[in-house]
Amino acid sequence: MASTITPVADLVAAARARIREIETADAIAMLGDPDVVIVDLRDVRERSRDGFIPGSFHCPRGMAEFWIDPQSPYFKEIFGEPKTFVFHCASGWRSALTTATLNDMGFEAAHIRNGFGDWKRQGGPVAFDDRERN
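**Points about the overall build of the protein chain**
Piece 1. What the protein chain contains, in helices and strands, is six helices and five strands.
Piece 2. Written out in order from the N terminus, the α and β elements of the protein chain read α-β-α-β-α-β-α-β-α-β-α.
Piece 3. Here the protein chain has a C-alpha radius of gyration of 15 Å; the compact-globule value for 134 residues is 14 Å, and the two agree.
Piece 4. Within the protein chain, the proportion of its 134 residues that are buried is 40%.
Piece 5. Expressed as a percentage of contacts within the protein chain between residues at least 6 apart in sequence, the contacts between residues at least 24 apart total 64%.
Piece 6. Of the charged side chains in the protein chain, 16 are positive and 20 negative, and the gap between their average positions amounts to 4 Å.

See the structure below:
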């Protein structure tokens, strides 16, 4: 029986074609800008093991839609602020899908094209701390 599953790579490519992608060097340059919130979608275990972008806000991928919706009982006030929101994951796949969904909901967001792995490879600062900001 032939598979009827759309490959996730196809979904990511479609998402990337219609969202704002930020190159890693540009994202590193945004760090510390008070008008930019970098949002980490990775699992807490990834953050603990690999570190995280200093000052990033942790939003587990499964909660993003709920946390940005002001009508949701899970809404987080940070997402109601007039900021530029830049999402990331490890490699840019999860953040591309999430950003596309949030844009579909009417929430303006972008993502770091090649994720946290590329952030580290390009020498972006990395923090290790067991206190989560969310």
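**Section: a nonpolar patch on the surface**
Piece 1. On the surface, Val8, Leu11 and Trp93 cluster together to form a nonpolar patch covering roughly 270 Å² of accessible area.
Piece 2. Relative to the elements of secondary structure, Val8 occurs in helix H1 (residues 8-16).

**So, the packing of aromatic side chains**
Piece 1. Within this structure, the stated rule accounts for seven aromatic pairs.
Piece 2. Ring geometry for Phe57 against Phe79: centres 5.5 Å apart, planes inclined by 85°, an arrangement best described as edge-to-face. Pair noted here: Phe57 is in strand E3 (residues 57-58) and Phe79 is in the loop between helix H4 (64-68) and strand E4 (84-88), with a separation of 22 residues, a long-range link.
Piece 3. The structure contains a cluster of three or more aromatic residues connected by ring pairs, namely Phe57, Trp67, Phe79, Phe85, Phe87 and Phe107.
Piece 4. Directly above the ring of Phe52 sits Arg47, whose terminal nitrogen or CZ lies 4.3 Å from the centroid.
Piece 5. The ring of Trp67 is capped by Lys76, whose NZ or CZ atom sits 4.6 Å from the centre of that ring.

**A short note on the packing of H1 against helix H5 (residues 93-104)**
Piece 1. Where H1 contacts H5, the axes come no closer than 9 Å and their chain directions differ by 55°. With respect to H5, the element H1 is oriented oblique. The two elements H1 and H5 meet at a crossing, and its hand is left-handed. Between H1, through Val8, Ala9, Leu11, Val12, Ala15 and Arg16, and H5, the contact on the second element is made entirely by Trp93, Ala96, Leu97 and Ala100.
Piece 2. The residue inventory of the contact of H1 with H5, partitioned by class, reads nine nonpolar, no polar and one charged.

**What to know about the pattern of salt bridges**
Piece 1. Per the stated rule, a full pass over the model turns up nine salt bridges.
Piece 2. Asp40 is the partner of Arg47 in a salt bridge, and the nearest nitrogen-oxygen pair spans 2.8 Å.
Piece 3. Assessed through its relative accessible area of 2%, Arg47 is described here as buried.
Piece 4. Judged by relative accessible area, Asp40 falls into the buried class, the value being 0%.
Piece 5. For Asp43, the salt bridge identified is with Arg45, shortest N-O distance 2.7 Å.
Piece 6. Each of Arg16, Glu21 and Arg113 takes part in a single network of salt bridges with overlapping partners.

Cut-offs and rules
- Residues numbered from 1 in each chain as written.
- Predicted model: local features only at pLDDT ≥ 70, side-chain atom pairs only at ≥ 80, totals over all residues.
- Heavy atoms only, no water.
- Helix = DSSP H or I, 4+ residues; strand = E, 2+ residues; numbered from the N terminus.
- Rg over C-alpha atoms; globule rule 2.2 N^0.38 Å.
- Buried < 20%, exposed > 50% of the residue type's maximum accessible area, 1.4 Å probe, protein only.
- Contact = heavy atoms within 4.5 Å.
- Lys, Arg positive; Asp, Glu negative; His and termini not counted.
- Charge placed at Lys NZ, Arg CZ, Asp CG, Glu CD.
- Patch = residues over 30% accessible without salt bridge, like charges linked within 9 Å, V, L, I, M, F, W, Y side chains within 5 Å.
- Areas by Shrake-Rupley, 256 points an atom, 1.4 Å probe, with all protein chains shown as cover.
- Salt bridge = Lys/Arg side-chain N within 4 Å of Asp/Glu carboxyl O.
- Phe/Tyr/Trp six-rings, centres within 6.5 Å; stacked < 30°, edge-to-face > 60°.
- Lys NZ or Arg CZ within 6 Å of the ring centre and 35° of its normal.
- Axes fitted to C-alpha atoms, helices over the stretch in contact; angles between N-to-C directions.
- Parallel < 35°, antiparallel > 145°, perpendicular 65-115°, else oblique.
- Left-handed = near helix turned anticlockwise from the far one by under 90°.
- Nonpolar A, V, L, I, M, F, W, Y, C, P; charged D, E, K, R; others polar.

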